Amino acid sequence: MVTLQLVGSLRKELADSLSTCRVLVVGAGGIGCELLKNVVLTGFKNIEVIDLDIIDVSNLNRQFLFQKKHVGKSKAQVAKETVLQFCPTANITAYHDSIMNPDYNVEFFRNFMLVMNALDNRVARNHVNRMCLAADIPLIESGTAGYLGQVTVIKKGLTECYECQPKPTQKTFPGCTIRNTPSEPIHCIVWAKYLFNQLFGEEDADQEVSPDTADPELSWNPADTEARATASDQDGDIKRVSTKDWARSTGYDPVKLFNKLFKDDIQYLLTMDKLWKKRKAPLPLDWLEHQKLSLILSGCVIACPQGVTGTGLKDQQVLGVAGYCQLFSRSVETLHFMLVDKGDGAEELIWMGNCDDPPAMDFVTAAANLRMYIFSMNMKSRFDIKSMAGNIIPAIATTNAVIAGLIVLEALKILSGDVKQCRTIFLNKQPNPRKKLLVPCALDPPSANCYVCASKPEVTVKLNVHKTLVLALQDKILKEKFGMVAPDVQIEDGKGTILISSEEGETEANNCKFLSDFAIRNGSRLQVDDFLQDYTLLVNVIHCENLEKDVEFEVVGDAPDKAPTRSQEEGKNVANGNKDSSEPSTSSEAPAEQNDILLVDSDEEAPSSSTMAVSMESGGHKRKLHDAETGEASAKRQHLSQPSADDDNDIIALD
């Protein structure tokens, strides 16, 4: 008779493994706080956690490792200190840094037995996915959107990677990022929509757009924080006034609004110096200074942010800073007139969700682009901004808690050596027809067409070589579309011509030149290397002069009609990353007999694409799950007996 030794609720062998293995937790926000608490209470002893963010007062309603006194401090460091109170013997290392910092290279990732993601944006997710593939380390990916959640396991050569299936436009982001540290255009667009509501629409305290200079919690000096927290408004010249009341007191003066939003508030953010130690600091704008600029600077395309870029219709052009200053002024005057014209008692305009209100759209376009410029982003056309608008819902603390628990359960399978027993697990908003909220699905094998984890990653890009700048190739195609961090590009022309170098200044002179200036034509091949990600991609160029309107480039075969099936060829070796440890795909159909402690009935299990969708909402209908606090919709293949339903409205989780 075999005696099973237990340590708590775990087998002794597994408990010993937990106490000795090193794990990396990426993110210490909504999911990350719950996850860190879970891992130490489960028995993990050697934990490293990394997060670039600082604690904002808006985090306190769901990130329970943080308290009011922690506002303004590093999330990773405070999370470490709080979790150590649960388990003082744990060895926890905290990094207040970006996971995309080159210091965290492949060798860094190889120090861990397991990586657990608790991220809130697709760019970082793509990066961690590639680093784990390169290091051949299992990755547990997760996310929540309102009441919906998901967890999946990514293992090199065994499962789909995070990028095996194309993702739709990201629609979720952290709420505090919108106000203080925007890093993507969508953050600025949502900020501009909030600003419209604060000035002309229905005010919402959760949609504040500027730093609250009267809030003592934003002080960086702990002593100052305590002093200001006990001070009354009468102790100084602090007076709390709503954005709309202040704007009304100025008569909606466009110049005063401009200087407050784009100069004074940005200068205040700059005083929060800890925010900018590892981020590029914003650049305040001054109204008078930018009135000296010509509205249109000729002879300068993408490389010069002041001039008009783009061709075609007015909506497809990027006006430049001076142009958006004028547009902001005109739209404020128009909206103020509309507000007054509604008569006494009418205090608000309504933002039309379909963006068909021209003055409102002009305002959002101008405000969003000015903020993009301040935070060193490429500005967008009115057409682009109009297409990126979405709806917003808050994050749910209990969803984060459930998902964090599921992450640990999948981690236990991996550390037990049962990777093949891992599942993608979906948390539904309502029970499915079998009265189950948690629905597990078998993991899919790698996609043979994936441009990240395929044996020889290769893509075909259709573009106009006479109109595409080298800078656009670097920023819009390689970095934005293909998620590279520091790409090096060599033309396969027999000479080894270097088109783009990651070394600063080495190829800057090429930025304003067109691809055709380097003899790139139909059929040219570009070898792209990102040494940080240990990632190589071959880009085939197809010259096309008849791209659809508003389309700068097109990735051929980028949007497959359906997910790959298990009948696809297996046994493909994975080339990127650690080539010596490449192994063929070994995934297979889910077994009929299950011992997964999370499993609902075994007939619930079905092959699942790791693009991840939630199973049933009700009545046998499927719904898309918006991915991992980024709103990335995804789709699980359906049971044959279940018809598909229309997608739900876009949702955004503010975490």
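- Going by what an unreviewed UniProt entry lists, the chain is known as SUMO-activating enzyme subunit 2 and is assigned to Oncorhynchus mykiss.
- Regarding the chain, the relevant UniProt record gives this comment under Function (unreviewed entry): "The heterodimer acts as an E1 ligase for SUMO1, SUMO2, SUMO3, and probably SUMO4. It mediates ATP-dependent activation of SUMO proteins followed by formation of a thioester bond between a SUMO protein and a conserved active site cysteine residue on UBA2/SAE2."
- Heading Sequence similarities (unreviewed entry) of the UniProt record for the chain holds this comment: "Belongs to the ubiquitin-activating E1 family."

Thoughts on the overall build of the chain
Okay, so step 1: Broken down by element type, the chain carries 16 helices and 21 strands.
Okay, so step 2: With 655 residues in all, the chain has 54% of them scored as buried.
Okay, so step 3: If you take every contact in the chain between residues at least 6 apart in sequence, the share linking residues at least 24 apart comes to 69%.
Okay, so step 4: Split by element, the accessible area of the chain, about 29,000 Å² in all, is 50% carbon and sulfur.

Considerations on the environment of Lys481
Okay, so step 1: Structurally, the position occupied by Lys481 is in helix 16 (residues 470-481).
Okay, so step 2: Note on Lys481: relative accessible area 28%, which makes it partly exposed.
Okay, so step 3: Measuring from C-alpha to C-alpha, the distance between Lys481 and Val555 comes to 9.2 Å, with 74 residues separating the pair along the chain.

What about the packing of aromatic side chains?
Okay, so step 1: Per the stated rule, a full pass over the model turns up 17 aromatic pairs.
Okay, so step 2: Between Phe108 and Phe109 the ring centres are 5.8 Å apart and the planes differ by 85°, which places this aromatic pair in the edge-to-face class.
Okay, so step 3: Taking the relative accessible area as the measure of exposure, Phe109 reaches 0% and is therefore buried.

Overview of the pattern of salt bridges
Okay, so step 1: Counted by the stated rule, this structure contains 18 salt bridges.
Okay, so step 2: Linking Arg279 and Asp53 is a salt bridge whose minimum nitrogen-to-oxygen distance equals 2.9 Å. On the criterion of sequence distance, the pair formed by Arg279 in the loop between helix 10 (254-271) and helix 11 (287-291) and Asp53 in the loop between strand 4 (46-50) and helix 3 (75-86) is long-range, its members being 226 residues apart.
Okay, so step 3: Assessed through its relative accessible area of 13%, Asp53 is described here as buried.
Okay, so step 4: Arg110 is the partner of Glu107 in a salt bridge, and the nearest nitrogen-oxygen pair spans 2.6 Å.
Okay, so step 5: A residue is classified by how much of its surface remains accessible, and Glu107, at 49% relative accessible area, is partly exposed.
Okay, so step 6: With relative accessibility at 33%, the residue Arg110 sits in the partly exposed group.
Okay, so step 7: Connected through salt bridges with shared partners, the residues Glu458, Glu492 and Arg525 form a single ionic network.

Describing the side chain of Arg62
Okay, so step 1: Looking at the secondary structure, you find Arg62 in the loop between strand 4 and helix 3.
Okay, so step 2: The class of Arg62 is buried, set by a relative accessible area of 8%.
Okay, so step 3: Here Asn61 takes part through its side chain, which lies 2.7 Å from a polar atom of the side chain of Arg62.

A look at helix 16
Okay, so step 1: Among the residues making up helix 16, those that are buried are Val470, Leu471, Ala472, Leu473, Gln474, Asp475, Ile477 and Leu478.
Okay, so step 2: On its buried side, helix 16 packs onto strand 11 (458-463), strand 12 (488-491), strand 13 (497-500), strand 14 (525-530) and strand 16 (553-555).
Okay, so step 3: Downstream of helix 16 by a residue or two, Gly483 has a phi angle that is positive, lying close to 70°.

Concerning the sheet that holds strand 12
Okay, so step 1: Taking strand neighbours across the sheet as the criterion, the six strands line up as 13-12-14-15-11-16 in an open arrangement whose pairing is mixed. Each edge of the sheet is formed by a strand with only one pairing partner; in this case those strands are strand 13 and strand 16. Each strand of the sheet is rotated relative to its neighbour by a mean of 30°, with strand direction disregarded.
Okay, so step 2: The pairing of strand 12 with strand 14 spans four bridges and is classified as antiparallel.

So, helix 3
Okay, so step 1: The first and last C-alpha atoms of helix 3 sit 17 Å apart over 12 residues, in line with the 16 Å expected at 1.5 Å per residue.
Okay, so step 2: Every buried residue of helix 3 is accounted for by Lys75, Ala76, Val78, Ala79, Thr82 and Val83. Taken end-on, helix 3 shows its buried residues confined to a sector of 165°, consistent with a single buried face.
Okay, so step 3: For helix 3, the secondary structure elements touched by its buried residues are helix 2 (30-42), strand 4 and strand 5 (91-95).

Notes on the state of the cysteines
Okay, so step 1: For the structure on display, the rule yields zero disulfides.
Okay, so step 2: For Cys164, which is in no disulfide, the shortest distance to another cysteine sulfur is to Cys453 and amounts to 3.4 Å.

A few points about the pairing of strand 14
Okay, so step 1: Taken together, the six bridges between strand 14 and strand 15 (residues 535-543) define a ladder with antiparallel strand orientation. Within strand 15, the position partnered with Leu526 by the bridge is Val539.
Okay, so step 2: In textbook terms, the turn of a hairpin is the stretch between consecutive antiparallel strands, and for strand 14 and strand 15 this stretch comprises four residues, one of which, Asp534, has a positive phi near 50°.

Remarks on the nonpolar core
Okay, so step 1: Counting residues in hydrophobic clusters, the biggest one holds 53 residues, and the most contacted among them are Trp191, Phe200, Phe262, Phe328, Phe363 and Leu370.
Okay, so step 2: Sequence-distant contacts of Trp191, defined by excluding residues within four places in its chain, comprise Ile178, Val209, Leu261, Phe262, Ala367 and Arg371.
Okay, so step 3: Grouped together as the second largest cluster of nonpolar side chains are 52 residues, Val459, Met484, Leu515 and Val541 included.

Observations regarding the side chain of Ser329
Okay, so step 1: Positionally, Ser329 belongs in helix 12 (residues 321-341).
Okay, so step 2: In contact with Ser329, other than residues within four places in its own chain, are Pro254 and Trp287.

Structural notes on the pairing of strand 12
Okay, so step 1: Alignment of strand 12 against strand 13, held across three bridges, turns out to be antiparallel. Directly across from Ile491, in strand 13, lies its bridge partner Thr497.
Okay, so step 2: What sits between the antiparallel neighbours strand 12 and strand 13 is a turn of five residues, in which Gly494 has the positive phi angle 85°.

Things to note about the packing of helix 7 (residues 185-200) against helix 13 (residues 358-374)
Between two packed helices, what matters for the description is the angle formed by their axes and the separation of those axes.
Okay, so step 1: In the contact formed by helix 7 and helix 13, the axes pass within 8 Å of each other and the chain directions differ by 130°. When the interaxial angle is binned, helix 7 and helix 13 end up oblique. Here the hand of the crossing between helix 7 and helix 13 comes out right-handed. Contacts from Pro185, Cys188, Ile189, Trp191, Ala192, Lys193, Leu195, Phe196, Leu199 and Phe200 in helix 7 reach Ala360, Phe363, Val364, Ala367, Ala368, Arg371 and Met372 in helix 13.
Okay, so step 2: Of the residues belonging to the contact of helix 7 with helix 13, the class tally is 15 nonpolar, no polar and two charged.

Section: unusual backbone geometry
Okay, so step 1: Even without glycine at this site, Asp136 takes up a positive phi of about 60°.
Okay, so step 2: Relative to the helices and strands, Asp136 is located in the loop between helix 5 (122-135) and strand 7 (139-145).
Okay, so step 3: Non-glycine residue Lys435 carries a positive phi angle of around 65°.

With respect to a positive patch on the surface
Okay, so step 1: Taken together, the side chains of Lys69, Lys73, Lys274 and Lys277 define a basic patch exposed on the protein surface.
Okay, so step 2: Within the secondary structure, Lys73 is located in the loop between strand 4 and helix 3.

Observations concerning the environment of Lys280
Okay, so step 1: With respect to the helices and strands, the residue Lys280 is situated in the loop between helix 10 and helix 11.
Okay, so step 2: The class for Lys280 is exposed, based on a relative accessible area of 64%.
Okay, so step 3: Between the C-alpha atoms of Lys280 and Thr181, which are 99 residues apart in sequence, the distance is 9.7 Å.

Conventions and cut-offs
Residues numbered from 1 in each chain as written. Predicted model: local features only at pLDDT ≥ 70, side-chain atom pairs only at ≥ 80, totals over all residues. Heavy atoms only, no water. UniProt positions renumbered as here; feature names shortened; annotations may be inferred. Helix = DSSP H or I, 4+ residues; strand = E, 2+ residues; numbered from the N terminus. Buried < 20%, exposed > 50% of the residue type's maximum accessible area, 1.4 Å probe, protein only. Contact = heavy atoms within 4.5 Å. Areas by Shrake-Rupley, 256 points an atom, 1.4 Å probe, with all protein chains shown as cover. Phe/Tyr/Trp six-rings, centres within 6.5 Å; stacked < 30°, edge-to-face > 60°. Salt bridge = Lys/Arg side-chain N within 4 Å of Asp/Glu carboxyl O. Polar contact = N/O pair within 3.5 Å; in protein donor to acceptor, adjacent residues only side chain to side chain. Pairing = 2+ DSSP bridges. Axes fitted to C-alpha atoms, helices over the stretch in contact; angles between N-to-C directions. Expected span 1.5 Å × (residues − 1). Arc of directions from axis to C-beta. Disulfide = S-S within 2.5 Å. Core = buried A, V, L, I, M, F, W, Y, C linked by side-chain atoms within 4.5 Å. Parallel < 35°, antiparallel > 145°, perpendicular 65-115°, else oblique. Left-handed = near helix turned anticlockwise from the far one by under 90°. Nonpolar A, V, L, I, M, F, W, Y, C, P; charged D, E, K, R; others polar. Patch = residues over 30% accessible without salt bridge, like charges linked within 9 Å, V, L, I, M, F, W, Y side chains within 5 Å. Lys, Arg positive; Asp, Glu negative; His and termini not counted. Charge placed at Lys NZ, Arg CZ, Asp CG, Glu CD.

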